[in-house]
Amino acid sequence: MGDLIQVQKLHQHIWMPDHLQREMGQFNIFPIMNTPGNFVNCQPYNRKGFYKISLLTGHTRLYYADKNMEFKDSALLFSNPNIPYSWEDIGEGQTGYYCIFTEGFFDERQQIREYPVFKPGNNPLFELSASQVPEVSAVFQRMLEEIDSDFEYKYDVLRNLALELIYMALKMKPATSIPYADSNGPIRIATLFSELLERQFPIESPNQSMKLRFPAEYADYLSIHINHLNRSLKKVTGQTTSQLIASRIMQEARILLQHTNWNISEIGRSLGFEELSHFINFFKKNEVLTPKHFRNHHS
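What you see is a predicted model, and the numbers here were worked out from it, not measured in a lab.

A. Region of interest: helix H4 (residues 154-170). Taking 1.5 Å per residue, 17 residues should reach 24 Å; H4 reaches 25 Å between its end C-alpha atoms and fits that length. Those residues of H4 that fall on the buried side of the exposure criterion are Lys154, Tyr155, Leu158, Arg159, Leu161, Ala162, Leu163, Leu165, Ile166, Met168 and Ala169.

Shown next, in the form of structure tokens:
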């Protein structure tokens, strides 16, 4: 029993540099194993969302937003967390690597979402020549080695390696894409709506507030009729505009209640509720608990 107490005390006093505590969980790197016939349907990651850079090797068909792309050898894929995509292995099994990272992993001088490879509407796929594959693979291999090291500044190195992949792609010509034959724009509209909604988060100060709060405001911003926006989102996501907005607001509300000391009125205002009672009613409708009870229960 005494030994167990000593171990518990040891774990309580383990110290780690602040920058390492902050960056753990904001970046990771994985190999893609050879699994013939594998079909991967990649959904957006939770919370802030992860960007993703993948090296895919093998005959692959990619579905990205309203595009359909195919390559037979190797390619570099850049994935925005707000755009739905999937790929289908149609060869002898896919291999490669992928790294994921949050927008916050980079500082304000490096606005990752502003790079063309991650912007909605741009082609995210870059086919690689036989001579380029070893060069790109080496960067991912260095990532794997670096993340397992005990170097105090390894996340700075990983940032530079991620940027190296981006710059390598920017010097290449994107792969040719084929629009879906039956696409009439719903996926494109859903993509733009999702980016517009997500761009308002995270809320990092009680003085910050959502600028677009209601479906009609999104429709006006996108210069489309509200009914067209609703039909498009319903077709792509199965949810209405109001449901998608409410879901994202609730996600942020839970996080602010759990991880800030702002009062409930400040949180409500930052999420677009002018009256505290409106925020309380909205939260209770979606969570059953009131904001105060939710905070007490999760503190």
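B. Examining the nonpolar core more closely. In terms of nonpolar packing, the biggest core is built from 35 residues, with Phe27, Ile53, Leu76, Phe101, Phe118, Phe140 and Met143 touching the most fellow members. When contributions to this core are tallied by element, the ones reaching two or more residues are strand E1 (27-32), strand E3 (50-57), strand E6 (74-79), strand E8 (95-102), strand E9 (125-128), helix H3 (132-147) and H4. It is H4 that provides the largest number of residues to this core, a total of nine residues. With sequence-adjacent residues up to four places away left out, methionine 143 is seen in contact with Phe27, Ile29, Cys99, Leu158, Leu161, Ala162 and Leu165.

C. Expanded view of the pairing of E8. Judged by how many residues are buried, E8 sits mostly within the fold: seven of eight residues are covered. One ladder, built from six bridges, connects E1 with E8; its direction is antiparallel. If you follow phenylalanine 27 over to E8, its bridge partner there is phenylalanine 101. Bridge analysis of E3 against E8 gives eight bridges, and the strand direction is antiparallel. Looking across to E8, one finds that tyrosine 51 is bridged to phenylalanine 101.

D. Spotlight on the side chain of threonine 241. Here threonine 241 is to be found in helix H8 (residues 241-259). Among the polar contacts listed, one links the side chain of threonine 241 to the side chain of asparagine 230, at a separation of 2.6 Å.

E. The arrangement of the sheet that holds E9 in detail. Taken in spatial order, the five strands make up an open sheet running E1-E8-E3-E6-E9, and their pairing is antiparallel. Either end of the sheet is taken by a strand with one partner, and the two such strands are E1 and E9. Recorded for the sheet is a direction-independent mean angle of 15° between the axes of neighbouring strands. Against the sheet, H3 touches E1, E3, E6, E8 and E9, its axis set at about 125° to E1. Of the strands in this sheet, E1, E3, E6, E8 and E9 touch H4, which is tilted by about 115° from E6.

F. Here's a closer look at the packing of aromatic side chains. Per the counting criterion, the structure on display carries 19 aromatic pairs. Between tyrosine 115 and tyrosine 167, the aromatic rings sit 6.0 Å apart at their centres with planes inclined by 65°, giving edge-to-face as the arrangement. A residue pair is termed long-range when its members are at least 10 positions apart, and tyrosine 115 in the loop between E8 and E9 and tyrosine 167 in helix H4 qualify at 52 residues. A relative accessible area of 15% means that tyrosine 115 is categorised as buried. Ring centres of phenylalanine 273 and phenylalanine 279 lie 5.4 Å apart, and the angle between their planes is 50°; this geometry places the pair in the tilted category.

G. Local environment of the environment of asparagine 261. Tracing the chain through its elements places asparagine 261 in the loop between H8 and helix H9 (264-270). Taking the relative accessible area as the measure of exposure, asparagine 261 reaches 72% and is therefore exposed. Each C-alpha atom, one on asparagine 261 and one on arginine 295, is 10.0 Å from the other, the two residues being 34 residues apart in sequence.

H. Expanded view of the pairing of E6. The buried fraction of E6 is high, at six of six residues. Where E3 meets E6, six bridges bridge the pair, whose relative direction is antiparallel. Among the inter-strand pairings, leucine 56 is bridged to a residue of E6, identified as alanine 75.

I. Local environment of H8. Over its 19 residues, H8 extends 27 Å from the first C-alpha to the last, a length consistent with the 27 Å expected when each residue adds 1.5 Å. All of the buried residues in H8 are Thr241, Leu244, Ile245, Ala246, Arg248, Ile249, Met250, Glu252, Ala253, Ile255, Leu256 and Leu257. Those residues of H8 hidden inside the fold are in contact with helix H5 (186-198), helix H6 (215-222), helix H7 (226-237), H9, helix H10 (276-287) and helix H11 (291-298).

Basis of the calculations
Residues numbered from 1 in each chain as written. Predicted model: local features only at pLDDT ≥ 70, side-chain atom pairs only at ≥ 80, totals over all residues. Heavy atoms only, no water. Helix = DSSP H or I, 4+ residues; strand = E, 2+ residues; numbered from the N terminus. Expected span 1.5 Å × (residues − 1). Buried < 20%, exposed > 50% of the residue type's maximum accessible area, 1.4 Å probe, protein only. Core = buried A, V, L, I, M, F, W, Y, C linked by side-chain atoms within 4.5 Å. Contact = heavy atoms within 4.5 Å. Pairing = 2+ DSSP bridges. Polar contact = N/O pair within 3.5 Å; in protein donor to acceptor, adjacent residues only side chain to side chain. Axes fitted to C-alpha atoms, helices over the stretch in contact; angles between N-to-C directions. Phe/Tyr/Trp six-rings, centres within 6.5 Å; stacked < 30°, edge-to-face > 60°.

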